[in-house]
Amino acid sequence: MFTGIIESLGKVESLQSVGGDVRLRIQTDLDMSDVHLGDSIATNGICLTVIEWGDNWYAADVSRESLNRTTLGQWKVGQAVNVEKAMLPTTRFGGHIVSGHVDGLGEITLVREDARSLYFEVTAPVELAKYLAEKGSVTVDGISLTINHLRGNILSLNLIPHTAERTNIGTWQVGTKVNLEVDVLARYIERLLLGDKAAEQKAESNISMAFLAENGFLK
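Quick caveat, the model's predicted, so the values are computed rather than measured.

**Re the sheet that holds strand β3 (residues 40-43)**
Thought 1: Pairing in this closed barrel of six strands is antiparallel, and the strands run β1-β2-β5-β4-β3-β6 around the ring. When the angles between neighbouring strand axes are averaged without regard to direction, this sheet yields 45°.
Thought 2: With four bridges connecting them, β3 and strand β4 (residues 46-54) associate as antiparallel partners. Residue pairing across strands places Ile41 opposite Leu48, the latter belonging to β4.

In structure tokens form, the structure reads like this:
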């Protein structure tokens, strides 16, 4: 588990094709002294397993599933990436519960200055819209963010100067693809509301905002 509070701005050092998938190496200024084989490090919001590491780098293998479902298949050597080690039981919980399992790709559709902040609009896949809520949490490229406003599947975000300095959002522009992870609680609630139908192989959710209101989940 992660919190979405970025610890380091890393850099893609190498990308190597191995047997149809990819092995990558990330350069970072993280403290790697407490990292062990098999530890998890979120990289642009993707939970990666450490297979090798050194004082200022780590390597991970990436499956075809991750390449197909995330932005990783588009990464280039030298690209900046957001890095966070897995949280400890003693860690201050500053963000929200993040699993590092990307739900879909969003696209930056608007970028502008808003006083000292940066304002972004992100278009999420239509199928993720039901998991998003105004003033709720969303993970964008591994960053825990609050949704300011929501219009259908378009969410607006304000990022303060500190976040801009500590993450890769300086590289975001109109058309940039970003990894999105919805709040894990929303996914589990939907599954619970399916009841016994969840066991059906082709169970489809018909849960809507009207359904939630009728059943007392919304006021």
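Here the narrative resumes, following the displayed structure.
**Some thoughts on helix α3 (residues 184-194)**
Thought 1: Along α3, the residues classified as buried are Val184, Glu190 and Leu194. The buried side chains of α3 occupy one side of the element, clustering within an arc of 130° when seen end-on. Of the residues in α3, the exposed ones pointing more than 90 degrees away from the buried face are Leu185, Tyr188 and Leu192.
Thought 2: Here the buried face of α3 lies against β13 (177-182).
Thought 3: Near the N-terminus of α3, the side chain that reaches the backbone nitrogen of Leu185, with its oxygen 3.1 Å away, is that of Asp183.
Thought 4: The positive-phi residue at the C-terminal boundary of α3 is Gly195, with phi of around 60°.

**Thoughts on the nonpolar core**
Thought 1: Counting 21 residues, the largest nonpolar core has Val138, Val140, Leu155, Leu157 and Trp172 as the members making the most contacts within it.
Thought 2: Within the residue set of this core, elements represented by two or more residues are β8 (117-123), β9 (137-140), β10 (143-146), β12 (154-159) and β13.
Thought 3: Dropping the residues within four chain positions of it, Val140 is found in contact with Leu145, Leu157, Trp172, Val178, Asn179 and Leu180.
Thought 4: In terms of nonpolar packing, the next biggest core, distinct from the first, is built from 20 residues, Leu24, Ile26, Ile46 and Ala60 among them.

**Side note on the UniProt feature "repeat: Lumazine-binding" (unreviewed entry) in the chain**
Thought 1: The positions UniProt marks with the feature "repeat: Lumazine-binding" (unreviewed entry) are residues 1-96 and 97-193.
Thought 2: This span, residues 1-96, is 6% helix and 45% strand, and a straight line between its end C-alpha atoms measures 10 Å.
Thought 3: Within the segment residues 97-193, helix and strand shares are 16% and 42% respectively, and the terminal C-alpha atoms sit 21 Å apart.

**A look at the domain arrangement of the chain**
Thought 1: Partitioning the chain into structural domains gives domain 1 (8-85) and domain 2 (104-198).
Thought 2: The C-alpha centroid of domain 2 is placed 22 Å from the C-alpha centroid of domain 1.
Thought 3: On the side of domain 2, ten residues touch domain 1, which itself brings twelve residues to the contact.
Thought 4: The largest share of the area that domain 1 buries against domain 2 comes from Asn44, Thr71 and Asn82, three residues that together contribute 45% of it.
Thought 5: The tally of links between domain 1 and domain 2 comes to zero salt bridges.

**Focus on the environment of Ser63**
Thought 1: Here Ser63 is to be found in the loop between β5 (57-62) and α1 (64-69).
Thought 2: Separated by 41 residues in sequence, Ser63 and Val22 have C-alpha atoms that sit 6.9 Å apart.

**Remarks on the packing of aromatic side chains**
Thought 1: For the coordinates displayed, the defined rule picks out one aromatic pair.
Thought 2: The interplanar angle of 75° and the centroid separation of 5.2 Å between the aromatic rings of Phe120 and Trp172 together place this pair among those described as edge-to-face. In this pair, Phe120 sits in strand β8 while Trp172 sits in the loop between α2 (161-166) and β13, placing the two residues 52 residues apart along the sequence.
Thought 3: Positioned above the aromatic ring of Trp57, the side-chain terminus of Arg25 is 3.7 Å from the ring centre.

Reading guide: rules and limits
- Residues numbered from 1 in each chain as written.
- Predicted model: local features only at pLDDT ≥ 70, side-chain atom pairs only at ≥ 80, totals over all residues.
- Heavy atoms only, no water.
- Pairing = 2+ DSSP bridges.
- Helix = DSSP H or I, 4+ residues; strand = E, 2+ residues; numbered from the N terminus.
- Axes fitted to C-alpha atoms, helices over the stretch in contact; angles between N-to-C directions.
- Buried < 20%, exposed > 50% of the residue type's maximum accessible area, 1.4 Å probe, protein only.
- Arc of directions from axis to C-beta.
- Contact = heavy atoms within 4.5 Å.
- Polar contact = N/O pair within 3.5 Å; in protein donor to acceptor, adjacent residues only side chain to side chain.
- Core = buried A, V, L, I, M, F, W, Y, C linked by side-chain atoms within 4.5 Å.
- UniProt positions renumbered as here; feature names shortened; annotations may be inferred.
- Domains from an automatic or database assignment.
- Buried area = accessible area lost by both parts, 1.4 Å probe.
- Salt bridge = Lys/Arg side-chain N within 4 Å of Asp/Glu carboxyl O.
- Phe/Tyr/Trp six-rings, centres within 6.5 Å; stacked < 30°, edge-to-face > 60°.
- Lys NZ or Arg CZ within 6 Å of the ring centre and 35° of its normal.

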